[in-house]
Structures are given as structure tokens and as C-alpha cells.
Amino acid sequence: MSLKPIQISALLGSGILTGGIFSISAFVIPSLLSPYSSKDINKRQALLPAKTLQIQWQDLYDSGKRFYPSLAVVTSSAYLYLAYNSPNTRPLYLVSAFFSVSIVPYTLLGMMGNIKKIQAEIKEEDAPRLGRDIAKWAKLNYGRAALQFVGFLVGIYAVMDSA
């Protein structure tokens, strides 16, 4: 049996994880924060209530929480299948499998404190703190994208090495 469909699936999963997670931090969060910031420090005034920002972020977080861990498990499983069936590139596929599923412990261990701060009850005067916490979350989220990117690169190398 050819492993090509599994290789394609694993790489596709890694690519979606990498690009999707990266785009949240690079494009979505700056757009969410734009009504709450200004280039001029003296004009920093929210155009929308802080609760709106909190609800928007929570919706984004909940959507990602439903999609990305499941895709990470499926992608990691594909890499594990490849590792089992490819003795010459087994270590590379194992590395990719590890990095693919690493978003779960990274989130639980490295991001959960920040997430809880964002989810805490918000008062309107807390808008600047909320904005800072969400900006910090975006930076931490880049870490998840980097983990996926490593898994993706190693997966590409493994596929190319097995060809």
C-alpha cells in the first residue's frame, strides 16, 4: 500500500495548523484590537465597550478550541502511522507527531493563566488591561504556530527523504 495519501494528509494537516494558528495572531487579533488602540498615546479611547472585545475574543478562542486540537490529534496520528510504516524515516515522523499534538500541553501549561485573565469578569475601566492581555495571548499563540511549523518542516523533510 502506498503511503502517499497519508503523507499528503499529514502535511496538509500540519500546513492548516501552522497557517491557521499564525493567522489568528498576525491578522485576527490586531483587527479585534484596532478599535481599542490608537497611535497617539493621548487619544487612547475605546470605540467599543470592553465587553464586546471580550465576547469577540471568547468566540474566536472557542472556535479554535473546537477545531485545532482535533486536527492536531488527527495529524499526529497520521505521522505516527507513517512512523510505524517507514523505518528509515521513523525518527522524523515521530518528531512531527510530537510537535503536531504539542499545542495541547503548550496551551494548558503556558497559556492557561493568561486565558483565565481574559475570561475574568470585565468592567469598562478594565479595557486597557483586557487589550494588553489579549495582545499577550496573541504573542503566546505565535508559540503554538512555531511548534506547528517545526512539525510541518520536519514532516516535509521526512516525506522528501522517503521519496
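Residues numbered from 1 in each chain as written. Predicted model: local features only at pLDDT ≥ 70, side-chain atom pairs only at ≥ 80, totals over all residues. Heavy atoms only, no water.

Q: Is there a simple way to explain the overall build of the protein in this structure?
A: Looking only at helices and strands, the protein features five helices and zero strands. Order of helices (α) and strands (β) in the protein, N terminus to C terminus: α-α-α-α-α. In terms of its C-alpha atoms, the protein occupies a principal-axis envelope of roughly 60 × 25 × 20 Å. When burial is assessed residue by residue, the protein has 42% of its 163 residues classed as buried. Taking contacts inside the protein between residues at least 6 apart in sequence as the whole, the part at least 24 apart equals 78%. In the protein, 16 side chains carry a positive charge and 9 a negative one; their mean positions are 6 Å apart. (Helix = DSSP H or I, 4+ residues; strand = E, 2+ residues; numbered from the N terminus. Buried < 20%, exposed > 50% of the residue type's maximum accessible area, 1.4 Å probe, protein only. Contact = heavy atoms within 4.5 Å. Lys, Arg positive; Asp, Glu negative; His and termini not counted. Charge placed at Lys NZ, Arg CZ, Asp CG, Glu CD.)

Q: In this structure, what is going on with a nonpolar patch on the surface? I would like to understand it.
A: Together, Phe22, Phe27, Val28 and Tyr142 give the surface a local cluster of nonpolar side chains, amounting to about 370 Å² of exposed area. Looking at the nonpolar patch, the element that brings in the most residues is helix 1 (residues 4–33), giving three residues. In this structure, Val28 sits in helix 1. Using a relative accessible area of 31% as the deciding quantity, one classes Val28 as partly exposed. (Patch = residues over 30% accessible without salt bridge, like charges linked within 9 Å, V, L, I, M, F, W, Y side chains within 5 Å. Areas by Shrake-Rupley, 256 points an atom, 1.4 Å probe, with all protein chains shown as cover. Salt bridge = Lys/Arg side-chain N within 4 Å of Asp/Glu carboxyl O.)

Q: Help me understand helix 2 (residues 50–85), please; the structure alone is not making it clear to me.
A: Residue pairs spaced three or four apart in an α-helix point in one direction, given the helix's 3.6 residues per turn. A rise of 1.5 Å per residue sets the reference length of helix 2, with its 36 residues, at 52 Å; its end C-alpha atoms lie 52 Å apart and thus fit the reference within 8%. Roughly 30 degrees is the biggest bend found in helix 2, and it falls at Lys65, with proline Pro69 one to four residues downstream. (Expected span 1.5 Å × (residues − 1). Bend = angle between axes of the 7 residues up to and from the residue.)

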